[in-house]
Structures are given as structure tokens and as C-alpha cells.
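Overview (structure and organization)
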Amino acid sequence: ISLSRFYLSLNYHIEAKKTIDPIKDAVEKFGYLGLGPLIECVMGTYFMYIEADMWKAFEHLSEAAKRFEGFDSKMFRYAKHQLAYCMMTTHGYEEGLKLFNEILESAQSDNDVSRILGIKTSLTKFFLVNFGEIELALRFSAEALEISQGGTRSEKAKALASRGHAFWAKGQIKESIIY
């Protein structure tokens, strides 16, 4: 189980699935409730990123988020984050963005700077640019860059990369290279 979490953190979705395949049936049969949400999360990201079956991914990620509800854990936040991305393709951009905003509000109410930064950079690099929301991507990337000033070197690098990505999407290559 720890290995599947590790693989998820590296975006190695095939390897994560391989680690849960041998135990998946036993977890379902004997009801090891604590493992079920993780399995759903692994299966959801596998279907999303490997099989490109967004509806199956949505089913698994919805179940993972539902089963993780009430636990303030990184896996719950990860499942919701992935679910929001999935919803952008299965239920429309607005529905996915609505869930992202809920996640962002939660991070802001917890004053969790690292999570806020992660959400803003993810939204910029992967979602807003892909859906043509370039001005919003530029705004979020500027906010992420400002937030990152008090953060770690890694957080600053993510913010710089998202800012560069937003400028690249706008066609401002010189600015993109600067970041």
C-alpha cells in the first residue's frame, strides 16, 4: 500500500496499479475499509492517465473522494484534485473548476500555503492553459509566484514554471523563457 502511494506521488500509474492488483479482491471481499479508498484512487488515476477512459476514472475517483470524506489526509486531497481534473472533461470545464475552487477555499481556510500554491500552479499549467483560459492562467500564475516568495526552492520553481507556461500559451515566448 505504501508503495502504491509512492508510485502515485511520482505519477507512475501503471506501477501503482500493479501494487494493488494482488490485494484488490481481498480488500473488496473482506472489507478492509481503510484500503478501499486508496485502491479506488489508484484505479481512477490509472483509467485517467493510462487508459484515457475518463468516465471509468470519474467513477473510481468519485468513490475514492466519497470514501475518504471526513479524513483530512493527503490522499483525500489528491483524490479530490484528480476528480476535479477528470470532471473538466466528463462534466464540463465549469463543473471541474467549481470543484477546484472548493479545494482552493479549503486550503485557504486552513492557511495551507503549500496546498494553495500547488492548486494554483496545477490550475495554471494543466487546466487553464488547456481550456484556453490564458488570462486566468496568467493571473493564477502571478498569484502563485507571489505566494512562493516565502516558500521552498521547489515551490518557487513550480511557480516560475507555471508562470512561464502561461506566457508560452499566450504566445509571449521571450517572457516565457525568462520564467
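Residues numbered from 1 in each chain as written. Predicted model: local features only at pLDDT ≥ 70, side-chain atom pairs only at ≥ 80, totals over all residues. Heavy atoms only, no water.

Quick look at the packing of aromatic side chains
- For the coordinates displayed, the defined rule picks out 7 aromatic pairs.
- Relative to Y12, the ring of Y7 has its centre 6.3 Å away and its plane inclined at 25°; by these criteria the two rings are stacked.
- Each ring, one from F167 and one from Y179, has its centre 5.6 Å from the other, and the planes form 15°; the classification is stacked. Remark: Y179 occurs in the segment after α10 (173-178) and F167 occurs in helix α9 (residues 153-170); sequence separation between them is 12 residues.
- Assessed through its relative accessible area of 10%, F167 is described here as buried.
- Judged by its relative accessible area of 34%, Y179 falls in the partly exposed class.
- By way of ring pairs, the aromatic residues F6, Y7 and Y12 are connected into one cluster.
- The side chain of K120 reaches across the aromatic face of F140, ending 4.4 Å from its centre.
- Over the face of the ring belonging to Y179 we find R163, whose NZ or CZ atom lies 5.7 Å from the ring centre. (Phe/Tyr/Trp six-rings, centres within 6.5 Å; stacked < 30°, edge-to-face > 60°. Helix = DSSP H or I, 4+ residues; strand = E, 2+ residues; numbered from the N terminus. Buried < 20%, exposed > 50% of the residue type's maximum accessible area, 1.4 Å probe, protein only. Lys NZ or Arg CZ within 6 Å of the ring centre and 35° of its normal.)

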